[in-house]
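Listed below, chain by chain, are the residues.
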Amino acid sequence: MDKLVSLAKRRGFVFQSSEIYGGLGSVWDYGPLGVELKKNIKERWWRSMVHERHDIEGLDAAILMHPKVWEASGHVSGFTDPLVDCKQCKNRFRADDPRIKGTPGQPDAQCPGCGSKGTLTAPRQFNLMFKTFMGPVEEQAAVIYLRPETAQGIYVNYLNVLQSSRQKIPFGIAQIGKAFRNEITPGNFIFRTREFEQMEMQFFVKPGSENEWFENWRAERMKWVEGLGIRREKLRWHQHGKDELAHYAKDAYDIQYEFPFGWQEFEGIHNRTDFDLSNHQKHAGKKLEYLDPKTNERFIPYVVETSAGADRTTLVVLCDAYREEEVKGDEASEGGDTRVVLKLKPSLAPLKAAVFPLVNKDGMPELAHKIHDDLRRYFNVFYDDGGSIGRRYRRQDEAGTPFGVTIDGQSTQDQTVTVRDRDTLKQDRVSATKLVDYLTQKLAG
Ligand SMILES: [Zn+2]
């Protein structure tokens, strides 16, 4: 994991937030390559959810919402963790922290931070929502929250979307957006962060059909994840036991990935029943029923939710692509006999190709610049003329760039270039005029 974190910084995928001030705990910034990778993942999700389906609409709801939303959703009362404080070192721990010896609140309990005995308080409920104030006065009436999930923006807009889009049940609403949780034990790089981005879809169905849709969405989501190029043996399902279920869920499955720090979830499929809509109907005093135009039945729809973390999915893609390899043949003599390579699916890679003049003379830079200009009208491409060609290949291997286009002596004679494949290291000679078609074909999928 340390190697991946260091590569992520070196190549500009992920930086620690506010690093020059010593960093901000469990908050991360995406650099030039990271923002492209995450954007490619989000766009793939949006395309499969919204553009390729007739029964799902998109939405972008605001982060700030009416505070009553979180009373209705159960987050004010239910979204809590039991915590204990150490009166000696002032550190705060989860009450179930395995490092705590003894019973918190009792004299025998030992603080895992400073080692003092009897200094831990009895557990208290701590809400995970970030609080702030709206308007100029910092008083209780002005308290609002940064949303802890994007789903509620979908529920409160369900009637607006239904009526404006003329959809009929079953149908879904999809949204990508930031959410915030004041996690007590965040960590593992971008796995558990306090500010994160969700890709959520709420699918509204007729009561009684939710189990069928639940199975349907489980299958769809696993297919999508496999489409990212993730190794199948690194993926598995985990069904939530009774003690793991969130306060709104009746049934829930996670898709887990085998990270370097163990199996952990990065997406969940949840049966949320009519919990949210019923509660909003009650708290808002607005009817949220659906009138079936065929049968004239009225009902509050059930919801099957697919909830993926954009940051976690990015981490899965990075972890799964990271390889250290031995290199043989010509490339070993040019760039060394080992390499670090990100074997990203080409369509997800931040840079699609890099353009290299073999040497900076004999007309090669001029031709290389022209090819670079042509290519960047279609793809995100990179120009690199620094250092030996072997070292330039290695840098792009670490960036996950699937193709290296080299302009050599022959290129200036016959207008052909070599295209080096990141994974096989094989080189094709391709006519410069056919390069866009050649890459388009290789980048599909
Ligand atoms: Zn302590």
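Going by the structure above, here's the rest.
In what follows, the accompanying structure is described.

Conventions adopted
- Along each chain, residues carry numbers from 1 onward, in the same order as the chain's sequence is written.
- It should be noted that, the model being predicted, local features are given only for residues of pLDDT at least 70 and side-chain atom pairs only at 80 or more, the latter also being counted only at that level, while totals for whole chains, interfaces and linings use all residues.
- The side-chain quantities take in all heavy atoms of the structure and omit both hydrogens and water.
- Helix and strand assignments follow DSSP, with helices taken as H or I runs no shorter than four residues and strands as E runs no shorter than two, numbered in order from the N terminus.
- Between buried and exposed lies partly exposed: a residue is buried under 20% and exposed over 50% of the maximum accessible area for its type, with that area taken using a 1.4 Å probe on protein chains only.
- In what follows, residue pairs with any heavy atoms lying within 4.5 Å of each other are defined as contacts.
- At least two DSSP bridges between two strands are needed for those strands to be called paired.
- Every axis in this analysis is a line fitted to C-alpha atoms, fitted for helices over the stretch in contact. Angles between the N-to-C directions lie between 0 and 180 degrees.
- N or O atoms closer than or at 3.5 Å make up a polar contact, with two conditions inside protein: a donor-capable atom paired with an acceptor-capable one, and, for residues adjacent in sequence, both atoms drawn from side chains.
- Reported orientations rely on four angle classes, namely roughly parallel under 35 degrees, roughly antiparallel over 145, roughly perpendicular from 65 to 115, and oblique for the rest.
- If you view the pair so one helix is near and one far, a crossing is left-handed when the near helix is turned anticlockwise from the far one by less than a right angle, and right-handed when it is turned clockwise.
- Amino acids are sorted into nonpolar (Ala, Val, Leu, Ile, Met, Phe, Trp, Tyr, Cys and Pro), charged (Asp, Glu, Lys and Arg) and polar (every other residue, Gly among them).
- For a helix, the expected span equals 1.5 Å multiplied by the number of residues minus one.
- Directions are taken from the helix axis to each C-beta atom, and the arc is the one they span.
- Take a side-chain nitrogen of Lys or Arg and a carboxyl oxygen of Asp or Glu: if they are within 4 Å of each other, that pair is a salt bridge.
- The rule is simple: put a 1 Å grid over the protein atoms alone, call a set of points where a 1.4 Å probe fits but cannot get out a cavity, call an open set with protein on both sides within 12 Å along at least five of seven lines a pocket, and count a residue as lining if it has an atom within 4 Å of a point.
- Grid points are joined across faces, edges and corners, and a volume is the space filled by probe spheres set on the points.

1. Quick look at unusual backbone geometry
Thinking step 1. The amide bond that connects Ile 169 to the next residue, Pro 170, takes the cis arrangement and shows omega of 5 degrees.
Thinking step 2. Relative to the assigned elements, Pro 170 resides in the loop between helix H6 (158-165) and strand E9 (171-180).
Thinking step 3. Its identity is not glycine, yet Asn 188 carries a phi of approximately 60 degrees, on the positive side.
Thinking step 4. Residue position: Asn 188 is located in the loop between E9 and strand E10 (195-205).
Thinking step 5. Notably, Leu 425 is not glycine yet its phi reads approximately 65 degrees, a positive angle.
Thinking step 6. You can see Leu 425 is positioned in the loop between strand E22 (416-421) and strand E23 (427-431).
Thinking step 7. Judged by relative accessible area, which is 24%, Leu 425 ranks as partly exposed.

2. Quick look at the environment of Pro 207
Thinking step 1. One can find Pro 207 in the loop between E10 and helix H7 (210-227).
Thinking step 2. Sequence separation between Pro 207 and Arg 218 is eleven residues, and the spatial gap between their C-alpha atoms is 18 Å.
Thinking step 3. What Pro 207 contacts, discounting residues up to four positions off in sequence, is Phe 299, Ile 300 and Tyr 302.

3. Description of the sheet that holds strand E6 (residues 124-127)
Thinking step 1. Read across the open sheet, the three strands follow the order E5-E4-E6; overall the sheet is antiparallel. Of all the strands in the sheet, the pair left with one neighbour each is strand E5 (92-94) and E6. Ignoring strand direction, the axes of neighbouring strands in this sheet form an average angle of 50 degrees.

4. Quick word on the side chain of His 240
Thinking step 1. With respect to the helices and strands, His 240 occurs in the loop between strand E11 (235-239) and strand E12 (251-259).
Thinking step 2. A polar atom in the side chain of His 240 sits 3.5 Å from the backbone oxygen of Glu 244.
Thinking step 3. A polar contact is formed between the side chain of His 240 and the side chain of Asp 254, at a distance of 2.7 Å.
Thinking step 4. Sequence-distant contacts of His 240, that is, excluding residues within four places in its chain, are made with Leu 245, Ala 252 and Asp 254.

5. Description of the packing of helix H2 (residues 32-51) against helix H9 (residues 310-321)
Thinking step 1. Where H2 meets H9, the closest approach of the two axes is 10 Å, and the angle between their N-to-C directions is 110 degrees. When the axes of H2 and H9 are compared, the pair comes out roughly perpendicular. Seen along the crossing, H2 lies across H9 with a hand that is right-handed. Contacts between H2 and H9 involve Leu 37, Lys 38, Ile 41 and Lys 42 on the former and, on the latter, Ala 310, Asp 311, Thr 313, Thr 314, Val 317 and Leu 318.
Thinking step 2. Of the residues contributing to the contact of H2 with H9, the split by class is five nonpolar, two polar and three charged.

6. Observations regarding helix H11 (residues 364-375)
Thinking step 1. An ideal rise of 1.5 Å per residue puts 16 Å on twelve residues; H11 measures up with 16 Å between its terminal C-alpha atoms.
Thinking step 2. Turning to H11, its buried residues are Met 364, Pro 365, Leu 367, Ala 368, Ile 371, His 372 and Leu 375. On an axial view of H11, the arc spanned by its buried residues comes to 160 degrees, and they lie on one face.

7. Notes on the pattern of salt bridges
Thinking step 1. Inspection of every chain in the model, using the stated rule, returns 40 salt bridges.
Thinking step 2. A salt bridge links Lys 39 to Glu 43, with the nearest nitrogen and oxygen atoms 3.8 Å apart. Within this pair, Lys 39 and its partner Glu 43 are both found in helix H2, separated by four residues, close to a single helical turn.
Thinking step 3. The exposure class assigned to Lys 39 is partly exposed, which follows from its relative accessible area of 36%.
Thinking step 4. Two residues, Arg 94 and Asp 96, come together in a salt bridge whose shortest N-O distance is 3.2 Å.
Thinking step 5. You can call Asp 96 exposed: its relative accessible area is 53%.
Thinking step 6. If you follow the salt bridges from partner to partner, you end up with Glu 325, Glu 331, Arg 339, Lys 343, Arg 394, Asp 397 and Arg 420 in one network.

8. A short note on the sheet that holds strand E21 (residues 403-407)
Thinking step 1. An order of E20-E19-E21-E22-E23 is seen for the five strands of this open sheet, with the pairing classed as mixed. Every interior strand has two partners, whereas the edge strands, strand E20 (381-383) and E23, have only one. Taken pair by pair, the neighbouring strands of this sheet meet at an average axis angle of 25 degrees, ignoring direction.
Thinking step 2. When E21 meets E22, the two strands line up antiparallel, connected through four bridges. Of the residues in E22, the one forming a bridge with Thr 406 is Thr 418.
Thinking step 3. Each of strand E19 (353-357), E20, E21, E22 and E23 is contacted by helix H12 (residues 389-399), which is oriented at about 170 degrees to E19, the strand it contacts most.
Thinking step 4. Where helix H14 (residues 435-443) meets the sheet, it contacts E19, E21, E22 and E23, and its direction lies at approximately 135 degrees from that of E23.

9. Details of empty space enclosed by the protein
Thinking step 1. In this structure the tally under the stated criterion is one cavity of 30 Å³ or more.
Thinking step 2. Space inside the largest cavity adds up to approximately 40 Å³.
Thinking step 3. In this structure, the largest cavity is lined by Phe 356, Tyr 393, Gln 396, Thr 401, Pro 402, Phe 403, Gly 404, Arg 420 and Arg 422.
Thinking step 4. Going through the elements one at a time, H12 and E21 are the ones with two or more residues in the lining of the largest cavity.

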